[in-house]
Amino acid sequence: MSNKYMPHTEEDIRVMLDKIGVNTIDDLYSDVPQEVIYKEEYDIPSAMSEIELRRHFEELGKKNQRLTVFAGGGVYDHYSPSTVAHLLQRSEFYTAYTPYQPEISQGTLQYIFEYQSIISELTGMEATNASMYDGATATAEAMFMMVASAKKKNRVLLSATIADRVINVVKTYGKFHGVEVTVIPEKDGITDFDAVKEELTKGDVAGLIVPTPNKYGIIEDFSGYAETLHAVKAYLCVNADPSTLAVLRTPAEWGADVACGDGQSLGMPLNFGGPYLGYISCAKGMLRKMPGRVVGATKDADGKRSFVLTLQAREQHIRREKATSNICSNQSLMALYATIYVALMGKQGMREVNIKSCDGAHYLYDALLATGKFQPLFPGKPFLKEFVMTTDLDIKALNERLLENGIMGGLDLGDGKISFAVTEKRTKEEIDNLISLILA
């Protein structure tokens, strides 16, 4: 079973098989039913020249349909400057993995430091790690941080207004780590604060996780949350869309102890679901409970500015049972993506992204109301770039018609509810076209 693309010789294979007590490679699959094993020749095309191969892939590419996206649900079609991808694909970034040898990893350490600084500025928190796989797993890790900090409290409250997929991931992590997760009901599209207060009276709550904006696109008011939680020695975690923090109140301004979320909104392409970026920021007092690593700035023996791994709470560095987590890195490539994107956009650019998204979302909201076919699910609630409406229309049929016209419509939330999102990429002409198709 030799293959020219595999480096193992027949002798290598024989040694490995002898080591595990198996005669042939086929014996490794002896438990697979013979009827499901393909025994014919594979239909693999013959070799092509470079020009033929390029033409072949161009034809395949024409089968893709580029859509105008009006869906959100936690993943947003923001624009990314071409410079980001160009820099990201440089070999020194693209092939770099771990910065464990600071003597030769100053470039990697510096951009991680810059990433931490950017996320800390957006969230207002004192420290940020680098980094997490995605927003859902980052939220689960934030849960563990609160439990570890609270001591002898093993229950975390989770607002029902957080995205369902995040709730499911947090529940799964909690189940297999012995953490009890209680979902706080929503009331008129926002977290029921009275229900939070009632749960806190039981004395076993380590912390509460709330979103901004929430799964309906609503910007919730968390006034009094931190004070109420801190009064019973519990913690507040805000799951925030980092792009919106350029214009919204930060987790730190809400009095949060931990901030987490998904960095996809920082210009990352939709990419059928990834790779994305999860972030965690926290107050200084919780720093040692944070998973992953933290890069710090210092001076070398010659007095020059340099960068080092300041905190490494990973199982590779300390006793496994003492590690905060073993899910600690997405190899920082997407952290670099976020760093380049925010650096290019700057404060004014980040504000403009949100202003244009907000203007477009409210224009679409008003236009949908004017059709007479849609009603607001939560009238009067503030939103930025995403909102939910109700309709008597067949949402599945509507989205199929929109798809035929090159548009990815709103997310069907069931029971006649549909969610729309508008980013700075959507033009007035595209929104008007959406409305005309709805009215057709």
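This text follows the structure it describes.
Residues numbered from 1 in each chain as written. Predicted model: local features only at pLDDT ≥ 70, side-chain atom pairs only at ≥ 80, totals over all residues. Heavy atoms only, no water.

Draft legend 1. Representation of the packing of aromatic side chains within the structure. Tallied over the entire structure, the rule returns 13 aromatic pairs. A centroid spacing of 5.3 Å and a plane angle of 85° characterise the contact between Tyr365 and Phe387, whose relative ring orientation is edge-to-face. Placement of Tyr365 in helix H10 (residues 333-371) and of Phe387 in strand S14 (residues 386-391) is noted, with a sequence separation of 22 residues between them. Across the pair, Phe387 and Tyr365 agree in class, each one buried. Three or more aromatic residues joined by ring pairs make a cluster, and in this case those are Tyr365, Phe374, Phe383, Phe387 and Phe420. The ring of Phe193 carries Lys197 above its face, with NZ or CZ at 4.5 Å from the centroid. In this structure, Arg249 is placed above the aromatic ring of Trp254, and the distance from its NZ or CZ to the ring centre is 4.3 Å. (Phe/Tyr/Trp six-rings, centres within 6.5 Å; stacked < 30°, edge-to-face > 60°. Helix = DSSP H or I, 4+ residues; strand = E, 2+ residues; numbered from the N terminus. Buried < 20%, exposed > 50% of the residue type's maximum accessible area, 1.4 Å probe, protein only. Lys NZ or Arg CZ within 6 Å of the ring centre and 35° of its normal.)

Draft legend 2. Representation of the side chain of Thr244 in the model. Along the chain, the position of Thr244 falls in the loop between strand S8 (235-240) and strand S9 (258-262). A polar side-chain atom of Thr244 sits 2.7 Å from the main-chain carbonyl oxygen of Asp241. (Polar contact = N/O pair within 3.5 Å; in protein donor to acceptor, adjacent residues only side chain to side chain.)

Draft legend 3. Summary view of helix H6 (residues 135-150). Between its first and last C-alpha, H6 extends 23 Å over 16 residues, near the 22 Å set by a 1.5 Å rise per residue. At the N-terminal end of H6, a side-chain oxygen is found 3.3 Å from the backbone nitrogen of Ala136, two or three residues along, and the residue is Asp134. Two residues or fewer after H6 comes Lys151, characterised by a positive phi angle close to 65°. (Expected span 1.5 Å × (residues − 1).)

Draft legend 4. Region of the structure containing unusual backbone geometry. With an omega dihedral of -20°, the bond running from Thr212 to Pro213 counts as a cis peptide bond. The step from Gly274 to Pro275 runs through a cis peptide bond, and the omega angle for that step is 5°. Structurally, the position occupied by Pro275 is in the loop between S9 and strand S10 (278-282). Even without glycine at this site, Asp188 takes up a positive phi of about 55°. Turning to its location among the elements, Asp188 is positioned in the loop between strand S5 (186-187) and strand S6 (190-191).

Draft legend 5. Spotlight on the sheet that holds strand S7 (residues 205-212). If you trace the 7 strands from one edge of the open sheet to the other, you get S2-S10-S9-S8-S7-S3-S4, paired in mixed fashion. Two strands bound the open sheet, and with one partner strand each, they are strand S2 (127-128) and strand S4 (180-184). Pairing of S8 with S9, which is carried by 3 bridges, proceeds in the parallel orientation. Paired with Val238 across the strands is Ala259, a residue of S9. (Pairing = 2+ DSSP bridges.)

Functional significance is not addressed by these values, which are geometric in nature.
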